[in-house]
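As a plain string of letters, each chain reads:
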Amino acid sequence: MKLHRFLLLLLLLCSGSLLAEDGARAHLDRFLDGLKTLRAEFAQEVIDTETNQVSHSNGVFYLSRPDRFRWVYEGDYPRYIIADGTTIWLVEEDLEQVSQRSQKAVLEGTPAGLFARKLDLDKEFEVQEIGQRMGLSWLRLRPRSEDSQFEQILLAFEGDKLSRMEMADRLGQVTRFDFFKIQRNPPLQDALFHFVPPPGYDILDQ
């Protein structure tokens, strides 16, 4: 499982002050304003456009700004990612394996970088309002960095919440997230964002 696929979960966000008449850009700006912590459940679908294969997964996401998050995939083979502010750890318990990378290098040019810290949205992305689709208000982000692994990210708002995210990478795969049971600025324990590799685990540098 590739590390970058876990990083996109930082878009699991909502804002209780969004106004229905505003466009998706205004929703996004308001959502980021005052956001400190977040907890959300998600359903993920990955579509390979070449083979038409589809994979499904579910989990929980925790965010503590700036720069810390924990993304947990549930199921028979649980795995999770932890960003502690310096390093990103991808933990695969069934394999007793941990992958690590510099957080700064991983987040640069990704949507995760937008939500992990304050940055200039228009400097990092080409931003376009694309109107209504499926009853949702949509915003398109195209990364300006040539090193980004993503062609585009679509954000969809319904009422006062971010309802869906769709991402297309440069390999032709599409990843879709649906978000629910979102809690904005809940108290979160610091232990969620710390990780020490257990004895016996293989540690890989990506």
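This text follows the structure it describes.
Residues numbered from 1 in each chain as written. Predicted model: local features only at pLDDT ≥ 70, side-chain atom pairs only at ≥ 80, totals over all residues. Heavy atoms only, no water.

Chemist: Pulling in residues and values, what's your account of the overall build of the protein?
Modeler: What the protein contains, in helices and strands, is 5 helices and 12 strands. Of all 206 residues assigned to the protein, the portion counted as buried reaches 49%. Accessible surface, the protein: about 10200 Å² in total, of which carbon and sulfur atoms supply 45%. (Helix = DSSP H or I, 4+ residues; strand = E, 2+ residues; numbered from the N terminus. Buried < 20%, exposed > 50% of the residue type's maximum accessible area, 1.4 Å probe, protein only. Areas by Shrake-Rupley, 256 points an atom, 1.4 Å probe, with all protein chains shown as cover.)

Chemist: Quick rundown of the nonpolar core? Include the residues and the values.
Modeler: Within the largest apolar cluster, 34 residues are counted, with the highest numbers of intra-cluster contacts made by L28, I153, L155 and F177. Those residues in contact with L28 that lie beyond four places of it in its chain are F115, L121, L139, L155 and F157. Judged by nonpolar contacts, the second largest core, of 11 residues, contains V60, Y80, W89 and V98. (Core = buried A, V, L, I, M, F, W, Y, C linked by side-chain atoms within 4.5 Å. Contact = heavy atoms within 4.5 Å.)

Chemist: Lay out the environment of F115 in plain terms, naming residues and giving numbers.
Modeler: With respect to the helices and strands, the residue F115 is situated in helix 4 (residues 111-116). Classification of F115 as buried rests on a relative accessible area of 0%. Separated by 51 residues in the primary sequence, F115 and S64 have C-alpha atoms spaced 10.0 Å apart.

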